[in-house]
2 protein chains.
Amino acid sequence: MSIIVDTSNSPYARLRPVPLTAVRLADTFWLPRLRLNRQVTLSSQYRQLEQTGRVDNFRRAAGKKTGPFQGYCFNDSDVYKWIEAAAWTLAASPDPTLEQMVDALVAWVAAAQQPDGYLNTYFMFDKAAERWTNLRDRHELYCAGHLIQAAIAHYRATGSAGLLDVARRLANHICVVFGPRAGQRLGAAGHPEIELALVELWRATRERNYLEQAQFFLDVRGQGLVGGDAYRQDHQPFRSLDAMVGHAVRAVYLNAGAADLYAETGEAALRGTLERLWSRMVSRQMYISGGIGSRYEGEAFGQDYELPNERAYAETCAAIGSVMWNWRMLALSGDARYADVLETALYNGVLAGLGLDGQSYFYRNSLATTGAHCRQPWFDCACCPPNIARLLAALPGYLYSFSSEGIWVHLYAQGEAELALGNSIVRLVQHTHYPWDGEIAIEVHGEGTFTLFLRVPGWYDGVGGQLTINGQPIAEALIPGSYAQLGRRWHAGDVARLSLPMPLCHIQSHPYVAENVGRIALMRGPLLYCVEQADHADIDLRDIALSNAAPLTAEFCPDLLGGVVVLRGQARVILSGEVWGGQLYRALKAGATNHASRPLELTAIPYYAWANRAPGPMRVWLQCGE
Amino acid sequence: MSIIVDTSNSPYARLRPVPLTAVRLADTFWLPRLRLNRQVTLSSQYRQLEQTGRVDNFRRAAGKKTGPFQGYCFNDSDVYKWIEAAAWTLAASPDPTLEQMVDALVAWVAAAQQPDGYLNTYFMFDKAAERWTNLRDRHELYCAGHLIQAAIAHYRATGSAGLLDVARRLANHICVVFGPRAGQRLGAAGHPEIELALVELWRATRERNYLEQAQFFLDVRGQGLVGGDAYRQDHQPFRSLDAMVGHAVRAVYLNAGAADLYAETGEAALRGTLERLWSRMVSRQMYISGGIGSRYEGEAFGQDYELPNERAYAETCAAIGSVMWNWRMLALSGDARYADVLETALYNGVLAGLGLDGQSYFYRNSLATTGAHCRQPWFDCACCPPNIARLLAALPGYLYSFSSEGIWVHLYAQGEAELALGNSIVRLVQHTHYPWDGEIAIEVHGEGTFTLFLRVPGWYDGVGGQLTINGQPIAEALIPGSYAQLGRRWHAGDVARLSLPMPLCHIQSHPYVAENVGRIALMRGPLLYCVEQADHADIDLRDIALSNAAPLTAEFCPDLLGGVVVLRGQARVILSGEVWGGQLYRALKAGATNHASRPLELTAIPYYAWANRAPGPMRVWLQCGE
């Protein structure tokens, strides 16, 4: 049962998961990406793991290789994330070559484990005495968390308990070492991750220890055990937080763990904190791409409305962490606003982190650049590449959920799913070109009385949409950012059709976002657009002014960037060089003439697809001309 | 001869300096600040030097105190900068108490010097073996440079050569250790400062060694001797630079040293580089306050047009460094554009760094804040406080220059100067309320044929100004950003009168400055204005919209903030909370209604005077309403 986040038995979750193996994609958007993930991304990443010594670190710890530890102290986690990605991939369909690679890695991981269960290849030999002495900086609990996640994935995907046993021995060791009891040590993770991993381990094993340990690690935060700073989410007790601060990845990973805890414990204070933090984030601290983290310093959240474009940090891992957190919030509530944020982050903030070649990555994701940024094949700190890989590998698991009322459809993509509802199997077949248009037909194959929850995305502007069953309009209003609830007795061959116009939207941002004043961005459906130098020779993209009134056309170009809908239309180029010369500041004269400008044929491409042609400038937010 | 930068004999400088002792201020703007500097700033800083162990570090090095070294490795430099400030202050008028403090400090510095001339209190005892081993990070040459500057100031101000001998012994030691010859070491300063200090030491002593050593330290840059990074200005050979990058203070200190070198050597490549860098900085990398340095990371310059307001770094020391550099460029050329930038930085970027109490400081100088920032009495890294003190103490030396043609007036302030022109003394008496208005009368007492160069500031908009001699209009056009040249035979009692209207200016910035699009700033004369929460209860300053057409009145308020001209007028408050609710992004509908707003009585105060009342938000750039 290849389930990513198993809320099947979580008393305080509304939604229950659908195994990713129950879902078969047949679309032109995600399926090619999942194939690329399998064929290119995973194999190229494996090479990187070998070439950079990350696997050798395990061989060394197992006593089969000499020489120094290689790379950063948290490098084990990259191996674990890769195993997790490979496991979900194997769950979807067999692949003997990949299986061999996984088996080999799992064997090295197991061989590196110490008799007492300890496992971290950095703290070996001369560094063994330093184990658990610097939780603030040395990522031991973080690596342990990723081992646990990888082991659970491996177990669920393959049925083999080998790696899970390794993870449990380490988890048991951690439960012995850390805790509130006499002889135990107080400690928290300098980088959250262990919390969500331990809750999932409880779900996978029903060993209550793990849940309690997760609770312990959350509860001790804010006491200065790991520095007392916001960077490590240790500045305040979790339940007193009211804004997202500090390191963005740490923050959303911690929130994901807290949401997991809530699903098990139902503690109201936890839920209240999570909702408070979520509202603050999405109303003041999130890029239009769904990216988060505004500052280079500390890879951190900024203040309210601090969202610089060119200097955006918006780490790929942070967008992935937002998907993780929102997925859990959605499971708790069935509230579509979480699915909206998840979708935005997925299609834009996450996907921009991966090149169309499947083997190049952005760590930071600017929303504008005047330079020539390229994705890199790897990083010394390589958290993002295997993080994208594991998310993509698990993607089919994010399309559907169950609840006691019926079946939920969160994401739209051509394909089908076999859903075990009670004792019967309901097969849903999606026909759609989403995200390129908003026509979605869902064939129901099977019998039963249940509610079909169809997500009406928040990007829908409430005009012109239609919902039918077998061609009969359903009276229910289509409310953007909600689930349309189709409760009835379903018969084989019934077709629910959701038809949403997908016009181009000119988006403006709150005027407190300093860099976006007087600017608009383009969105169409869930996709954010941008302009690239590759489509606009000989102009400075900063000079483009686009009128809100000018019509733009949307056209699918199958041969461009893997097949994308391109937006085209009339804009202007302001001749700011002519107007300003070398001046930086000047007196504004009343009644001064407007900027001189000339016409421009504008082309905008999906933001996720930028930087896949000649490297050059890019912009999301354009000047809004008259 | 209390001369700050002695270009008297520099073959490639156009201007020659006027000793600061020749100038007596009698104005209400600078004179009270210089008095405060003497009475409050210097004494409170001396207490800080003692309380933080900075003086004890010298006692320890002299063998008169045990215990560890205290603070940062560059703490000696704060003591030296304080001595320099005190020396210029003593030059202006005697002060026995201050003199005693200086003498005591000078004695400790001398006592800390090693037999071979080495002097740095950090690298003593157990750290002695590490001397000169980490030029990249340990600031030894930087501290040496400040000792040299302090010693020259002390010598010129008091005539005593005691500290100068100490500095020369250290400089001689440095000249032996570092250089291109066999047995010498290649090395550059991780933090520039030694370059300008050694040139000035050559000027003070005419020992050519020092000039050659400065040249050496400049020439070896860009070879990776100190890390090879832009942060330390070691990424490229100096003469190949074409943009200001890296640590802002390091960059401008280095440029000041290079300008000093040019004044002596006349090397065209050096001058070309300096002019290229200067043009780039003022046209793309400088705040309207004259502050520089856009990034927290590395306290660094940003890319072209990267000038965030709330996240401005704009270190006080960087603005001071800009004054230093521009002063030298002005001396080379007599070009008023350098005086304009100097004046802007001085009145705004520098002065905002000091509280009206004379004993609190900003290290960073934001151009907007939504929080409650306060100046601090001191910093662990306390470069800025004594840097302001030494600049203010030397300020009278920045008002005038000589050239072969005559006398130059750069800055306007009520007071007088006794200027030795050839064999005669010319006394100039300035009558003005500058910077509060633009009426300047200069009485000439003395006889002679020479040109009086009166600076016509760049802020003058070219309309309505007048220049007279003895009431007779001078035909010469008043060109903003130039020196009006009044060449004639002058007689005692002649009065040159420069009358410049000082209207309020609405300033806009180049549209590539992302945060300033659709915004205006207010300037009046050389002063930048801002709005503070203290004058606007119950609104969010970000909601203020000011029309370019709305008249503002300027009124001098003698009891406010030490006496300032306040700007008042009608503005609007946009009700963005009402309009936006909790939304961060939304679709812009064609023909959407304008922002709801209500009227506001706006008050703007000079930027330098902000944060001297109840702590709270502040903004320089305001939304420009219709």
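Just so we're clear, the structure is a prediction, and the values are computed from it rather than from any experiment.

Rules of the game
- Residues numbered from 1 in each chain as written.
- Chains lettered and ligands numbered in written order.
- Predicted model: local features only at pLDDT ≥ 70, side-chain atom pairs only at ≥ 80, totals over all residues.
- Heavy atoms only, no water.
- Contact = heavy atoms within 4.5 Å.
- Salt bridge = Lys/Arg side-chain N within 4 Å of Asp/Glu carboxyl O.
- Polar contact = N/O pair within 3.5 Å; in protein donor to acceptor, adjacent residues only side chain to side chain.
- 1 Å grid on protein atoms, 1.4 Å probe; cavity = no way out; pocket = protein on both sides within 12 Å on 5 of 7 lines; lining within 4 Å.
- Points joined across faces, edges and corners; volume = space filled by probe spheres on them.
- Nonpolar A, V, L, I, M, F, W, Y, C, P; charged D, E, K, R; others polar.
- Helix = DSSP H or I, 4+ residues; strand = E, 2+ residues; numbered from the N terminus.
- Pairing = 2+ DSSP bridges.
- Least-squares fit on C-alpha atoms with pLDDT ≥ 70 in both.
- Core = buried A, V, L, I, M, F, W, Y, C linked by side-chain atoms within 4.5 Å.
- Buried < 20%, exposed > 50% of the residue type's maximum accessible area, 1.4 Å probe, protein only.
- Phe/Tyr/Trp six-rings, centres within 6.5 Å; stacked < 30°, edge-to-face > 60°.
- Lys NZ or Arg CZ within 6 Å of the ring centre and 35° of its normal.
- pLDDT = per-residue confidence, 0-100.

Novice: Can you explain the interface of chain A and chain B? Please cite residues and give values.
Specialist: Taken together, the contact pairs 49 residues of chain A with 49 residues of chain B. In this structure, the connection of chain A to chain B is made through four salt bridges. A salt bridge links R311 of chain A to E306 of chain B; its shortest N-O distance comes to 3.5 Å. The interface formed by chain A and chain B holds 21 residue pairs in polar contact (both at pLDDT 80 or more) in total.

Novice: Lay out empty space enclosed by the protein with the relevant residues and their values.
Specialist: Within the structure shown, the criterion is met by ten cavities of 30 Å³ or more. Each pocket or cavity is described by its volume, and for the largest cavity that value is around 640 Å³. Along the wall of the largest cavity there are 42 residues; nearest its centre are P308, R311 and E515 of chain A together with P308 and E515 of chain B. Of the residues that constitute the lining of the largest cavity, the class distribution is 16 nonpolar, seven polar and 19 charged. When its volume is computed, the second largest cavity comes out at roughly 170 Å³. Surrounding the second largest cavity, 15 residues form its lining, I4, E84, Q149, R390 and Y398 of chain A being those nearest its centre. Put simply, the parts of the chain that give the lining of the second largest cavity at least two residues each are α3 (76-92), α5 (140-158), α7 (194-205), α11 (316-333) and α13 (384-394) of chain A. Residues belonging to the lining of the second largest cavity are distributed by class as follows: ten nonpolar, one polar and four charged.

Novice: Kindly report on the sheet that holds strand β12 (residues 482-490) of chain B, identifying the contributing residues and their values.
Specialist: All names here are of chain B. Spatially, five strands are ordered β1-β4-β5-β9-β12 in an open sheet, and the strand pairing comes out mixed. Two strands bound the open sheet, and with one partner strand each, they are β1 (16-17) and β12. With three bridges connecting them, strand β4 (residues 400-402) and strand β5 (residues 406-409) associate as antiparallel partners. When the sheet's bridge partners are listed, S401 is paired in β5 with W408.

Novice: Report on the relation of the copies chain A and chain B, specifying residues and quantitative values.
Specialist: Laying chain A over chain B is done by rotating through 180° and shifting 0.0 Å along the axis; what remains is an RMSD of 0.0 Å. The symmetry that links the two subunits is that of a two-fold axis. For chain A, the residue whose C-alpha comes nearest the rotation axis is E515 of chain A, separated from it by 2.1 Å.

Novice: Outline the nonpolar core, listing residues and values.
Specialist: In terms of nonpolar packing, the biggest core is built from 235 residues, with W82, W325 and L452 of chain A touching the most fellow members. Filtering out sequence-adjacent residues up to four positions away, L452 of chain A remains in contact with I407, V409, L428, I442, V444, A484, Q485, L486, W490 and A496 of chain A. Counting residues in hydrophobic clusters, the runner-up holds 234 residues, among them V102, M124, A314 and A609 of chain B.

Novice: Tell me about the sheet that holds strand β13 (residues 494-500) of chain A, and please be specific about residues and values.
Specialist: Read from one edge to the other, the open sheet built from seven strands follows the order β2-β6-β7-β8-β13-β10-β11 (chain A), with strand pairing classed as antiparallel. Each edge of the sheet is formed by a strand with only one pairing partner; in this case those strands are β2 (23-25) and β11 (472-473) of chain A.

Novice: Outline the environment of F450 of chain B, supporting the account with residue identities and numerical values.
Specialist: Residue and element names in this part refer to chain B. When you line up the elements, F450 lands in strand β9 (residues 448-456). Among the residues examined, F450 registers a relative accessible area of 4% and is labelled buried. Between the C-alpha atoms of F450 and L486, which are 36 residues apart in sequence, the distance is 8.1 Å. Once residues lying within four places of it in the same chain are set aside, the contact partners of F450 are E405, G406, I407, L421, V426, V444, L486, G487, R488 and W490.

Novice: Describe the pattern of salt bridges, with residues and values.
Specialist: Taken as a whole and assessed by the stated rule, the structure comprises 69 salt bridges over all chains. The residue E50 of chain A makes a salt bridge to R59 of chain A at a minimum N-O spacing of 2.6 Å. A salt bridge links R613 of chain B to E532 of chain B, with the shortest nitrogen-to-oxygen separation between them at 2.9 Å. Of this pair, R613 of chain B sits in the loop between β21 (597-606) and β22 (618-619) while E532 of chain B sits in strand β16 (residues 527-532), placing them 81 residues apart in sequence.

Novice: Give me the packing of aromatic side chains: which residues, what numbers.
Specialist: For any pair of aromatic rings, the description rests on two quantities: the centre-to-centre distance and the angle between the ring planes. All chains considered together, the criterion is met by 60 aromatic pairs over all chains. Ring plane angle 55° and centroid distance 6.0 Å describe the contact between Y12 of chain A and Y262 of chain A, whose orientation is recorded as tilted. Placement of Y12 of chain A in the segment before β1 (16-17) and of Y262 of chain A in helix α9 (residues 248-265) is noted, with a sequence separation of 250 residues between them. On the basis of relative accessible area, Y12 of chain A is assigned to the partly exposed category, the value being 38%. Both rings, one in Y305 of chain B and one in Y512 of chain B, keep their centres 5.1 Å apart while their planes meet at 90°; by these two values the pair is edge-to-face. Taken together, the positions of Y305 of chain B in the loop between α10 (268-284) and α11 (316-333) and Y512 of chain B in the loop between β14 (504-509) and β15 (519-524) put the pair 207 residues apart, joining distant regions of the chain. The exposure class assigned to Y305 of chain B is buried, which follows from its relative accessible area of 8%. The class of Y512 of chain B is buried, set by a relative accessible area of 12%. Linked through ring pairs, F29, W30, Y347, Y412, Y434, W436, W459, F556 and Y608 of chain A together constitute an aromatic cluster. In this structure, R488 of chain A packs its charged tip against the face of W490 of chain A, placed 5.0 Å from the ring centre. When the ring centre of Y512 of chain A is taken as origin, the NZ or CZ atom of R542 of chain B, which lies over that ring, is 3.8 Å away.

Novice: Talk me through the confidence of the model for chain A; I want residue IDs and the actual numbers.
Specialist: Residues with a pLDDT of 70 or more make up 99% of chain A, whose mean pLDDT is 96. Scored by ipTM, the complex comes to 0.94, with pTM at 0.94.

Novice: Lay out the side chain of S360 of chain A with the relevant residues and their values.
Specialist: By the secondary structure assignment, S360 of chain A is in the loop between α12 (336-350) and β3 (368-369). Filtering out sequence-adjacent residues up to four positions away, S360 of chain A remains in contact with G353, L354, G355, R375, Q376 and P377 of chain A.

Novice: Please set out the pairing of strand β16 (residues 527-532) of chain A residue by residue, giving values where relevant.
Specialist: Residues and elements named next belong to chain A. By the criterion of burial, β16 is predominantly enclosed, with six of the six residues buried. Going residue by residue along β16, you find L527, Y529 and V531 tucked away on one face and L528, C530 and E532 tucked away on the opposite face as well. Of the pairings in the sheet, the one linking strand β15 (residues 519-524) to β16 comprises two bridges and is antiparallel in character. When the bridges of β16 are listed, R524 appears paired with L527. Both β16 and strand β21 (residues 597-606) contribute to a ladder of two bridges, which runs antiparallel. Following the sheet pairing, Y529 is matched in β21 by P606. Pairing analysis gives two bridges linking β16 to strand β22 (residues 618-619), with the strands arranged antiparallel.

Novice: Break down the environment of L198 of chain B for me, with residues and values.
Specialist: Residue and element names in this part refer to chain B. Summarising the element assignment, L198 is placed in helix α7 (residues 194-205). Taking the C-alpha atoms as reference, L198 lies 61 Å from V579; in sequence the two are 381 residues apart. Excluding its chain neighbours within four sequence positions, the residues that come into contact with L198 are I148, A171, Y210, L211, Q213, A214 and F217.

Novice: How would you summarise unusual backbone geometry if you had to cite specific residues and measurements?
Specialist: In this structure, the amide linkage connecting Y434 of chain A to the following residue, P435 of chain A, adopts the cis form with an omega of 10°. Mapping P435 of chain A onto the fold places it in the loop between β7 (424-432) and β8 (438-445). In this structure, R206 of chain A takes a positive phi of about 60° despite not being glycine. Turning to its location among the elements, R206 of chain A is positioned in the loop between α7 and α8 (208-219). Judged by relative accessible area, R206 of chain A falls into the partly exposed class, the value being 41%. A positive phi is found at D538 of chain B, a non-glycine position, where the angle reads about 65°. Within the secondary structure, D538 of chain B sits in the loop between β16 and β17 (544-547). Taking the relative accessible area as the measure of exposure, D538 of chain B reaches 77% and is therefore exposed.

Novice: So what's going on with helix α13 (residues 384-394) of chain B? Which residues, and what values?
Specialist: Residues and elements named next belong to chain B. Of all eleven residues in α13, eleven are buried; the element is thus mostly enclosed. Where α13 is concerned, the buried positions are C384, P385, P386, N387, I388, A389, R390, L391, L392, A393 and A394. Buried positions along α13 lie against α1 (30-51), α3 (76-92), α5 (140-158), α9 (248-265), α11 and α12 (336-350).

Novice: Give me the lowdown on the environment of V566 of chain B, citing residues and values where you can.
Specialist: All names here are of chain B. Tracing the sequence through the fold places V566 in strand β19 (residues 564-574). Along the chain, V566 and H410 lie 156 residues apart, while their C-alpha atoms are 25 Å from each other. Setting aside chain neighbours within four positions, we find V566 in contact with T553, A554, E555, C557, L560, T603, A604 and I605.

Novice: Account for the pairing of strand β23 (residues 622-625) of chain A, naming residues and giving values.
Specialist: All names here are of chain A. Relative to β23, β15 runs antiparallel, the two sharing two bridges. Its bridge partner lying in β23, I520 is registered against L622. The pairing of strand β17 (residues 544-547) with β23 spans three bridges and is parallel. Paired with S547 across the bridge in β23 is G625.

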